[in-house]
Amino acid sequence: MAASPGDPALKAPFEADAGAEAEGPAFVVDLDGFEGPLDLLLDLARRQKVDLARISILALAEQYLAFVEAARAERFDLAADYLVMAAWLAYLKSRLLAPDPKEPDGDEPPPEMVAAALAFRLRRLEAMRRAGEALTARPRLGQDRFARGAADPQGAAGAPLWTASLYDLLTSYVRLRMKTLKTAHTVARRPTWTLAEAREALQRLVGRSADWARLDALMLRYMTPEMRATVLASSLGASLELAREGRLELRQERAFGPLYLRGALPLAPDPDVPSKRFRR
Amino acid sequence: MSGRDEPFFPVEGFDGRVSAEEAARAPAYALRVLEASLFAAPEPLTEKALAARLPHGTDVALALRVLVQHYAGRGVNLVRVGEAWAFRTAPDMAAALSAEAREPRKLSRAAIETLAIIAYHQPATRAEIEEIRGVATSRGTLETLLEAGFIRLRGRRKAPGRPVTFGTATGFLDHFALESVSDLPGLEELKGAGLLDGRLPPGLDLPAPRDDGALAPDEEPLGEGDPFEALSPDDDGDAAP
Amino acid sequence: MSGRDEPFFPVEGFDGRVSAEEAARAPAYALRVLEASLFAAPEPLTEKALAARLPHGTDVALALRVLVQHYAGRGVNLVRVGEAWAFRTAPDMAAALSAEAREPRKLSRAAIETLAIIAYHQPATRAEIEEIRGVATSRGTLETLLEAGFIRLRGRRKAPGRPVTFGTATGFLDHFALESVSDLPGLEELKGAGLLDGRLPPGLDLPAPRDDGALAPDEEPLGEGDPFEALSPDDDGDAAP
């Protein structure tokens, strides 16, 4: 339920003494107890202790604004809805207090009508709330009244009567379609050429060939338009790796110039040597 | 409830709703088939379904009235549930049957309120529910009510966007011991007070509840995955936005 | 069995097993509690269990005898099951019950999905259904839907293999209380009703379902042959393709 008049959460903004909260955010206004501004308004309206049909909207607007003011003074962040309602009520209040003498200005309904509509909505919400309480107070199936407890072994059944609700139908359809979409995204995932693939291809292409060959020319066959970037990146990475391991040699004449490679010398090199062979 | 003071075996004197002569016209065979059918059926049975089990031409309505009357004072009553009929234990037997009582279905306050609005205003669109409650309706709330069999998708409003309308389902009547939605508590009063009238004229609207799908400052995108699964299962109540 | 010739409401003259004076000693309250308990219990109840629900000192055995006698000629009888008691439909009611007593069963998820696809995409071939579901559709699933009267064979697609096309049947509209398939909600309505998350992946579109009864331009009549053959190969259960 919404906070009752005795609820400390609600009292806080009104009754907290200013000094206590001077430092620190210890102060919490439990707006979670309210289901939005209308709920808060209804709670405030109930405190006018009159028939909801005769509440003063002006007084209600003032109470609401005071509540919001107090909450803001405590540096409490109010959800946007509460602030929008505050602005709306402030405007309504100003119109109620100072009616525009030159009346029919635009299509704005007179403030009294707007106030009456708000009062109506509060009464309607209250009525629905009471209706919900009245419903749940009824003798409920499974708690106060009971259906047959066991299947009847003699109530032989024929062909099953298949049932499903429209809700089942719609949710399962939507679920399916969402799933299909997700799969489509996976398929469209950016293609990659892994380092392992590059390594394997390089070893196959270069092998022990003693001739220098341009890396991009060697890789040409793999470079479909969408694969170009990944093939270049992976083959460069793999060739550096292979050079470090002494399996091939790399040569580049100048910065950003083409990269040449050839098979390593047949003699197994000293582990330190390969890095020296890597000339820039 | 009727009954406790009536004789346990209602002999001749019916209480006026069904005369003895009328009752005599309801053939015993039909009454027995109805008893057996309604007893054996796991769900309430419609008059139409019951008629299909009886010899052609049987006055099903009369037979049902005879049975209703016969069971009125018993431990088990024959009750009407919308268009259908079912045996249910008498409401005053609750205490004696406490062993059978299940954990009450936990409905959040938001769910109860939403259910009441749908029941009293049906057919109601989501926008209408939100207008009355003044807050956005969470998906979880409607799902809970749909899954419980309390509400159903009725159709669509003939209005721009043709929004889906919700209404109560048979499970609602059954659960809350209502014969029909016209038996809703306080319905006439609310109607008389004009509280069930349609939407307010435009221009008199309060600021509308926010449900534009846009992210609030304290939210982040769902990211990958099934959006259905992303809804936490306990997203039952409506959070104040 | 007993019953059909006996008066439907056993008046005074009990058949000797329980005298009227005896019956009068069984308090109505006890009889009502027994009725309600035996009806609501998930299993037959022993005399001891029943006694526990009654005021101390109640003559449970007598009360049970009174009830047995009362229900002797009815559609539902009170019977002894081993050491316990339970209500059962009268044995001679079996014929009347089995004729129409169809146990409502929930459609399997596979069946609901298939049905939904057919509803929105009709006319749809089996291959098209499988494409959307991502799994093979078992013959059993389609047969269930056909037998339930939810779908029908519409015709054949004018395409290689001339695959059978499926559409919804009148049973579908009846069951889901739709006037026509075009009343199925579209994407925006589902969203508006709160059945879809606000943040949908782009590219999700729902077709506008239609079923005007006539064959589509790319359809032709079913023609000769067992239409069920079109459902083979016979594989039970939905398997991944």
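Calculation notes
Along each chain, residues carry numbers from 1 onward, in the same order as the chain's sequence is written. Following the order in which they are written, the chains are lettered starting with A and the ligands numbered starting with 1. Reporting of local features is limited, given that this is a predicted model, to residues whose pLDDT is at least 70; pairs of side-chain atoms are given and counted only at 80 or more, and all residues count toward the totals for whole chains, interfaces and linings. Note that the side-chain values use all heavy atoms of the structure and ignore hydrogens as well as water. Starting at the N terminus, helices and strands are each numbered in turn, a helix being any DSSP run of H or I of at least four residues and a strand any DSSP run of E of at least two. The cut-offs for exposure are 20% and 50% of the maximum accessible area for each residue type, with area from a 1.4 Å probe on protein chains only; residues under the lower value are buried, those over the upper are exposed, and the others partly exposed. Any pair of residues with heavy atoms lying within 4.5 Å of one another is described as a contacting pair. Note on areas: these come from Shrake-Rupley sampling with a 1.4 Å probe, and a residue is covered only by the protein chains present in the view. Definitions used throughout: a 1 Å grid over protein atoms alone; a cavity as a set of points that fits a 1.4 Å probe which cannot get out; a pocket as an open set with protein on both sides within 12 Å along at least five of seven lines; a lining residue as one with an atom within 4 Å of a point. Grid points are joined across faces, edges and corners, and a volume is the space filled by probe spheres set on the points. Residues are grouped as follows: Ala, Val, Leu, Ile, Met, Phe, Trp, Tyr, Cys and Pro are nonpolar; Asp, Glu, Lys and Arg are charged; all remaining types, including Gly, are polar. DSSP calls a pair of strands paired once it identifies at least 2 bridges connecting them. Angles shown run from 0 to 180 degrees and are taken between the N-to-C directions of axes, each axis being a line fitted to C-alpha atoms and, for helices, limited to the stretch in contact. It is the rotation of the near helix from the far one that decides the hand of a crossing: anticlockwise by less than a right angle makes it left-handed, clockwise makes it right-handed. Side-chain rings of Phe, Tyr and Trp (the six-membered ring for Trp) are treated as a pair once their centres are within 6.5 Å; stacked means planes under 30 degrees apart, edge-to-face means over 60, and tilted covers the remaining angles. By the criterion adopted, a ring carries a charge over it if an Arg CZ or a Lys NZ lies within 6 Å of its centre and within 35 degrees of its normal. Throughout this description, a polar contact denotes any pair of N or O atoms lying within 3.5 Å of each other; where both atoms belong to protein, one of them has to be capable of donating a hydrogen while the other can accept it, and for residues adjacent in sequence the pair is counted only when both atoms sit in side chains. Here, nonpolar core refers to any group of buried Ala, Val, Leu, Ile, Met, Phe, Trp, Tyr and Cys residues whose side-chain atoms link them within 4.5 Å. A pair is scored as a salt bridge if a Lys or Arg side-chain nitrogen falls within 4 Å of a carboxyl oxygen belonging to Asp or Glu. In what follows, roughly perpendicular refers to angles from 65 to 115 degrees, roughly parallel to angles under 35, roughly antiparallel to angles over 145, and oblique to any angle outside these ranges.

The name recorded for chain B in an unreviewed UniProt entry is Segregation and condensation protein B, from Methylopila jiangsuensis.

Labelled according to an unreviewed UniProt entry, chain A appears under the name Segregation and condensation protein A, originating from Methylopila jiangsuensis.

Q: A description of the overall build of chain A should follow, citing residues and the corresponding values.
A: In terms of helices and strands, chain A carries 10 helices and four strands. A burial count over chain A gives 42% of its 280 residues as buried. In chain A, 60% of the contacts between residues at least 6 apart in sequence involve partners at least 24 apart. Accessible area of chain A: about 15,300 Å², with a carbon and sulfur share of 56%.

Q: With reference to specific residues and values, describe the overall build of chain B.
A: Counting secondary structure elements, chain B contains 10 helices and six strands. When burial is assessed residue by residue, chain B has 53% of its 241 residues classed as buried. Of the contacts formed within chain B by residues at least 6 apart in sequence, a portion of 59% connects residues at least 24 apart. For chain B, the accessible surface area stands at approximately 11,100 Å², while carbon and sulfur atoms represent 52% of it.

Q: Any details on empty space enclosed by the protein? Residues and values, ideally.
A: Across all of its chains, the model carries four cavities of 30 Å³ or more by this definition. Put simply, the largest cavity is a space of about 80 Å³. Lining of the largest cavity is provided by B:F39, B:Y71, B:V76, B:F87, C:F39, C:Y71, C:V76 and C:F87. Class assignment for the residues of the lining of the largest cavity results in eight nonpolar, no polar and no charged. What the second largest cavity holds in volume is close to 50 Å³. Elements with a minimum of two residues in the lining of the second largest cavity: α6 (166-187) of chain A together with β5 (151-156) of chain B. Per element, the largest residue contribution to the lining of the second largest cavity is four residues, and it comes from β5(B). For the lining of the second largest cavity, the residue count by class is six nonpolar, one polar and three charged.

Q: A description of the sheet that holds strand β4 (residues 124-125) of chain B should follow, citing residues and the corresponding values.
A: All names here are of chain B. Sheet architecture is open: three strands sit in the order β4-β6-β5, paired in antiparallel fashion. Two strands lie at the open edges of the sheet, namely β4 and β5, each paired on one side alone. Direction of pairing for β4 relative to strand β6 (residues 164-168): antiparallel, over a ladder of two bridges. In the sheet register, T125 faces β6, and the bridge partner there is T165. On the sheet, helix α7 (residues 139-147) packs against β5 and β6 and is oriented at approximately 105° with respect to β5.

Q: Quick one: what's the story with the packing of helix α5 (residues 109-121) of chain B against helix α6 (residues 126-133) of chain B, residue by residue and with numbers?
A: All names here are of chain B. Where α5 meets α6, the closest approach of the two axes is 10 Å, and the angle between their N-to-C directions is 115°. Of the two elements, α5 crosses α6, and the hand of that crossing is right-handed. Residues A110, E113, T114, I117, I118 and H121 of α5 pack against I129, I132 and R133 of α6. Classifying every residue of the contact of α5 with α6 gives five nonpolar, two polar and two charged.

Q: Any details on the packing of aromatic side chains? Residues and values, ideally.
A: Within a pair of aromatic rings, the relevant descriptors are the distance that separates the centres and the angle that separates the planes. Per the counting criterion, the structure on display carries 10 aromatic pairs over all chains. With a centroid separation of 4.9 Å and 65° between ring planes, the pair formed by B:Y71 and B:F87 is classed as edge-to-face. You can see B:Y71 sitting in helix α4 (residues 60-71) and its partner B:F87 sitting in strand β3 (residues 84-89), a full 16 residues away along the chain. What makes B:F87 buried here is its relative accessible area of 5%. Residues C:F150 and C:F176 carry aromatic rings whose centres are separated by 6.0 Å and whose planes lie at 45° to one another, so their mutual orientation is tilted. Of this pair, C:F150 sits in the loop between α8 (139-147) and β6 (151-157) while C:F176 sits in the loop between α9 (170-175) and α10 (187-192); the two residues are 26 residues apart in sequence, bridging distant segments of the chain. One aromatic cluster is present, formed by B:F39, B:Y71, B:F87, C:F39, C:Y71 and C:F87 through successive ring pairs. For the cation-ring pair, A:R251 lies above A:W212, with the distance from its terminal atom to the ring centre recorded as 4.8 Å.

Q: Before we move on, can you summarise the side chain of A:E126 with the specific residues and values?
A: All names here are of chain A. Checked against the element boundaries, E126 lands in helix α5 (residues 111-136). Take E126: its relative accessible area is 8%, and that puts it in the buried class. Discounting chain neighbours no more than four positions away, the residues touching E126 are L42, R46 and L52.

Q: So, the sheet that holds strand β2 (residues 213-214) of chain A: which residues are in play, and what are the values?
A: Spatially, β2-β4-β3 (chain A) is the arrangement adopted by the three strands of the open sheet, whose pairing is antiparallel. Only two strands of the sheet have a single neighbouring strand rather than two, namely β2 and β3 (248-252) of chain A.

Q: Let's hear about the environment of C:Q122: which residues, and what values?
A: All names here are of chain C. Tracing the backbone shows Q122 in the loop between α6 (109-121) and β5 (124-125). Q122 sits in the buried class, given a relative accessible area of 5%. Taking the C-alpha atoms as reference points, Q122 and P207, 85 residues apart in sequence, are found 9.7 Å from one another. For Q122, the residues in contact, after removing those within four places along its chain, are I117, R154, F166, G167, T168, V181, R210 and D211. In terms of polar contacts, Q122 uses its side chain to reach the backbone amide nitrogen of T168, at 2.9 Å.

Q: So, α6(B): which residues are in play, and what are the values?
A: With seven of eight residues buried, α6(B) is to be regarded as a mostly interior element. Backbone geometry just downstream of α6(B) places B:G134 in the positive-phi region, at approximately 80°.

Q: Explain the environment of C:D92 to me, using residue names and the numbers behind them.
A: When you line up the elements, C:D92 lands in the loop between β3 (84-89) and α5 (94-100). Residues C:D92 and C:G75, spaced 17 residues apart in sequence, show a C-alpha to C-alpha distance of 8.5 Å. Polar side-chain contacts of C:D92 include one of 2.9 Å to the side chain of B:R32.

Q: Explain the nonpolar core residue by residue, including any values.
A: Formed by 74 residues in total, the largest nonpolar core has its most connected members in B:F166, B:F172 and C:F172. With near-sequence residues (within four places) excluded, C:F172 lies in contact with A:L169, C:L115, C:A119, C:G149, C:F150, C:L178, C:V181 and C:L184. Membership of the second largest hydrophobic core comes to 59 residues, among which are B:V60, B:L67, B:W85 and C:F87.

Q: Could you give me a rundown of the pattern of salt bridges, with the residues and numbers involved?
A: It is possible for side chains bearing opposite charge to pair when their charged atoms get close. Applying the stated criterion across every chain, the model contains 36 salt bridges over all chains. The shortest N-O distance in the salt bridge between A:D39 and B:R109 comes to 2.9 Å. Residue A:D39 is found in helix α2 (residues 37-46), and its partner B:R109 is found in helix α5; the two belong to separate chains. Accessibility classification places A:D39 together with B:R109 in one group, the buried group.

Q: Please give an account of the pairing of β3(B) that cites residues and values.
A: Residue and element names in this part refer to chain B. Summarising burial for β3: six of the six residues are buried, a large majority. Going residue by residue along β3, you find A84, A86 and R88 tucked away on one face and W85, F87 and T89 tucked away on the opposite face as well. Note: strand β2 (residues 76-81) against β3, six bridges, orientation antiparallel. Directly across from V76, in β3, lies its bridge partner T89. Between the end of β2 and the start of β3, which pair antiparallel, lie two residues, with G82 showing a positive phi angle near 65°.

Q: Describe the packing of α6(C) against α8(C), with residues and values.
A: Two quantities define a packed helix pair, namely the angle between the axes and the distance from one axis to the other. All names here are of chain C. Orientation of α6 relative to α8, taken along the N-to-C sense of each, is 65°, at an axis distance of 10 Å. Between α6 and α8, the angle is such that the two are roughly perpendicular. Crossing geometry of α6 relative to α8 is assigned as right-handed. When α6 is examined against α8, the residues A110, A111, T114, L115 and I118 are found in contact with a partner set consisting of T141, L142 and L145. The residue inventory of the contact of α6 with α8, partitioned by class, reads six nonpolar, two polar and no charged.

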